[in-house]
Number of protein chains: 2
Amino acid sequence: MQPNVTVPITDVSLHHFKAACSACSLRELCLPLGLSQDEMNKLDTIINQRIPVKRGEYLFRAGDPFRSLYAIRTGFFKTCVVSEDGREQVTGFQMSGELIGLDAISTETHACDAIALEDCEVCELPFSKIESLSRDIPALQLHFYKVMSREIVRDQGVMLLLGNMRAEERLAAFLINLSQRLAARGFSAVGFHLRMTREEIGSYLGLKLETVSRTLSKFQADGLITVQNKQIELVDLPAIKRLLTGCQGAHS
Amino acid sequence: MQPNVTVPITDVSLHHFKAACSACSLRELCLPLGLSQDEMNKLDTIINQRIPVKRGEYLFRAGDPFRSLYAIRTGFFKTCVVSEDGREQVTGFQMSGELIGLDAISTETHACDAIALEDCEVCELPFSKIESLSRDIPALQLHFYKVMSREIVRDQGVMLLLGNMRAEERLAAFLINLSQRLAARGFSAVGFHLRMTREEIGSYLGLKLETVSRTLSKFQADGLITVQNKQIELVDLPAIKRLLTGCQGAHS
DNA sequence: CGTCACTTTGAGTTTAGTCAAGCAGAGTGG
DNA sequence: CCACTCTGCTTGACTAAACTCAAAGTGACG
């Protein structure tokens, strides 16, 4: 981990990795449907594609001036806010096709840190260009409104989780959420490798790392999952979902 | 309380209460600065002003189809999500100048309930008209991006509160937040009337109502505040802020 | 002036947190 | 290739914070 390095965005890397949105397999996750070829081309010209970010690097930090949103092409990020006395709250884990940096629009300053949990590639979307292009392309404007709205709904789900659920329910919600998002990207819904530590999971869920560890062990003892280090198998998915009965979708 | 009545929006009420944004004292809270008279006039034509909502009424419910955002002109709302088994999570308390309904944009269905905690007046902003008008008025488009982004930042603050803070810190953050928002609207920063019950405060803060009550009593015993039913006086504001040392601004 | 919803307070319980010790695996350097 | 270190993980014993249940008090409102 090299937590003090912020990824440099050089002309070289931009040029080298240039690849069009129109050819991107994540198109349907990032972009509105039904753009014309012409509109797609305009988008391609403003987006800096395939910027590499190494594991442990910051994509941006709280306090950094805001210039761009970032779409994750490959890899896994966490975002977190840190209070003055050092308490860290992980506010989300983001995977391919998801957009980060939306919180910075309001103050033109990033409000959280974004840290790569593995080697990643992101696309940079300069916000001023997004702004002007979304005036020309109504579907794009609506799309960004919707993406931001979805983030608000997701956050409400996390509040429900943090405000109302007990440790087992939180973990169950977390595992199911990961499973669903991985499945939506074509990965296995029942077996996956956690990219984050127990402590990061705990921070996200409002639990201590020991509680996360104990609860995972209990799930394993109950035959719901198997845990081997960071490798998780969801053995009895219906039973895990039953732990959540009544807690609705919770976080997206 | 009449929790089953959704406010009817009639032509009569619209006509009767019509009043321009350009003349509204909340302009600087709701709208971007620097609009021209012409732009202001366009806005006035799409907004249905001064719709009354009585205490206990729903402005909208989770599941309702989405048509409009609402700006609160006077009064106090809560928004909440309810899980299938009936657990309620209050996701926010909104006061004059604030916008509600943003969570509905993503799915075109409201994701939460909005309930008036006292008699209120709201302005209705039909979203389709906001969409088209914000293409013509760049400042308006940016304004809505910023409002949504601010909501995301606020939610992150609530997550920090729910995930990391103990009961006293949560209550202190809550009181300070209310104080600041009331002060920004020209009300006293140190004396105010709570519009919500202990249970609603508890739901918002992830605490039970008894814990809220006990903690307020303790604050009073410690000379930080006086509580008389729903009337609160912040006697020693610096000391209350000290309880939060290190927890940064938390929820806006 | 009675009802009802809300609030306060107490006693006992439960859950998750704290502190501590030891283990496991990845990566490093001799 | 092995020993070493470092970080992350697990587990146990104990503690503290908040929850639950219960009872009684208060205030608003019809």
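Worth saying up front: this structure is predicted, and the values here are computed from it rather than measured. (Residues numbered from 1 in each chain as written. Chains lettered and ligands numbered in written order. Predicted model: local features only at pLDDT ≥ 70, side-chain atom pairs only at ≥ 80, totals over all residues. Heavy atoms only, no water.)

A. Representation of the domain arrangement of chain A. Residue and element names in this part refer to chain A. Domain parsing of chain A yields domain 1 (12-143) and domain 2 (165-251). Contacts between domain 1 and domain 2 engage 15 residues on the former and eleven residues on the latter. In total, about 1,200 Å² of surface goes out of reach between domain 1 and domain 2, with carbon and sulfur atoms giving 57% of it. A salt bridge links E118 to R195; the nearest nitrogen and oxygen atoms lie 3.4 Å apart. There are nine residue pairs in polar contact (both at pLDDT 80 or more) connecting domain 1 and domain 2. Those elements that place two or more of their residues in the side of domain 1 that touches domain 2 are strand 4 (76-82) and strand 5 (88-95). (Domains from an automatic or database assignment. Contact = heavy atoms within 4.5 Å. Buried area = accessible area lost by both parts, 1.4 Å probe. Salt bridge = Lys/Arg side-chain N within 4 Å of Asp/Glu carboxyl O. Polar contact = N/O pair within 3.5 Å; in protein donor to acceptor, adjacent residues only side chain to side chain. Helix = DSSP H or I, 4+ residues; strand = E, 2+ residues; numbered from the N terminus.)

B. View of helix 7 (residues 198-205) of chain A. All names here are of chain A. Among the eight residues that make up helix 7, seven are buried, leaving the element largely enclosed by the rest of the structure. The set of residues buried in helix 7 consists of R198, E200, I201, G202, S203, Y204 and L205. G206 occupies a position one or two residues after helix 7 and carries a positive phi of about 70°. (Buried < 20%, exposed > 50% of the residue type's maximum accessible area, 1.4 Å probe, protein only.)

C. Expanded view of helix 3 (residues 37-46) of chain A. Residues and elements named next belong to chain A. Those residues of helix 3 that fall on the buried side of the exposure criterion are M40, L43, D44 and I46. The buried side chains of helix 3 occupy one side of the element, clustering within an arc of 165° when seen end-on. Of the surrounding elements, those touching the buried residues of helix 3 are helix 2 (27-30), strand 1 (48-53), strand 8 (120-126), helix 4 (127-136) and helix 5 (138-164). (Arc of directions from axis to C-beta.)

D. Quick peek at the side chain of Q89(A). For Q89(A), the location among the structural elements is in strand 5. Classification of Q89(A) by relative accessible area gives buried; the value is 0%. In this structure the side chain of Q89(A) is engaged in a polar contact, spanning 3.0 Å, whose partner is the side chain of N164(B). Excluding residues that lie within four positions of it along the chain, Q89(A) makes contacts with T79(A), C80(A), V81(A), L162(A), S203(A), Y204(A), M159(B), L160(B), G163(B) and N164(B).

E. Up close: the sheet that holds strand 1 (residues 48-53) of chain B. All names here are of chain B. Spatial strand order, 1-8-3-6: four strands in an open sheet with antiparallel pairing. Two strands in the sheet have a free side with no partner beyond their single neighbour: strand 1 and strand 6 (99-100). Along the sheet, helix 4 (residues 127-136) makes contact with strand 3 (68-74) and strand 8 (120-126), crossing strand 8 at roughly 60°. (Pairing = 2+ DSSP bridges. Axes fitted to C-alpha atoms, helices over the stretch in contact; angles between N-to-C directions.)

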